[in-house]
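Observations on chain architecture
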Amino acid sequence: MLDPHLRTGLLPVDGQSGLYRAAFRVPDRHGVFKFVLDDRRRGWTTLKAATVVPPRYDGYPRFLSAAWPYYAGAISTSVGFLIFSALWLAGEDARDGKKGKSTKTE
């Protein structure tokens with residue numbers, strides 16, 4: 001599955017002389033596909049063509065449904081860190097109340 005090769009024949013199109021067509025389905029994989037046409041027949045002209053098709057930026061969903069547990073973990077960790085930081089910065093220092101006050105009564 002890492003490097004699939006599909007071999008199909010070019011079939012003539014009805015009613016159009018010299019036009020050949022092949023239909024096939026590409027594997028459902030993320031990545032760059034290279035379509036290569038290499039037709040060598042004895043007595044005929046050699047056909048060679050290659051087309052590289054990069055993936056479209058909108059061809060796949062932004063968030064994968066299988067990764068929601070990871071998204072929830074990252075979000076809950078971030079929220080927990082923000083709450084902890086806010087409580088830490090807003091909390092009272094126990095030593096502030098004792099500074100400068102004398103314990104002796106006069």
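Heads up: these notes are all about the structure in this document. (Residues numbered from 1 in each chain as written. Predicted model: local features only at pLDDT ≥ 70, side-chain atom pairs only at ≥ 80, totals over all residues. Heavy atoms only, no water.)

Once that is clear, we can look at the packing of aromatic side chains. Scanning the model with the defined rule gives four aromatic pairs in all. Residues Phe84 and Trp88 carry aromatic rings whose centres are separated by 5.9 Å and whose planes lie at 35 degrees to one another, so their mutual orientation is tilted. With Phe84 and Trp88 both in helix α1 (residues 68-90), this residue pair falls four residues apart, about one helical turn. The same class applies to Phe84 as to Trp88, namely exposed. Taken together, the ring pairs connect Phe63, Trp68 and Tyr71 into an aromatic cluster. (Phe/Tyr/Trp six-rings, centres within 6.5 Å; stacked < 30°, edge-to-face > 60°. Helix = DSSP H or I, 4+ residues; strand = E, 2+ residues; numbered from the N terminus. Buried < 20%, exposed > 50% of the residue type's maximum accessible area, 1.4 Å probe, protein only.)

Mapped onto the secondary structure, Phe24 falls in the loop between β2 (20-21) and β3 (33-39). Distance in space between the C-alpha atoms of Phe24 and Leu6 is 8.4 Å, their sequence separation being 18 residues. The residues touching Phe24, leaving out its near neighbours within four places in the chain, are Leu6, Thr8 and Phe35. (Contact = heavy atoms within 4.5 Å.)

Here we come to a nonpolar patch on the surface. A contiguous nonpolar patch, built from Leu6, Phe24, Val26, Phe35 and Val53 and spanning about 400 Å² of accessible area, is present on the exposed surface. Note that Leu6 resides in the segment before β1 (11-12). (Patch = residues over 30% accessible without salt bridge, like charges linked within 9 Å, V, L, I, M, F, W, Y side chains within 5 Å. Areas by Shrake-Rupley, 256 points an atom, 1.4 Å probe, with all protein chains shown as cover. Salt bridge = Lys/Arg side-chain N within 4 Å of Asp/Glu carboxyl O.)

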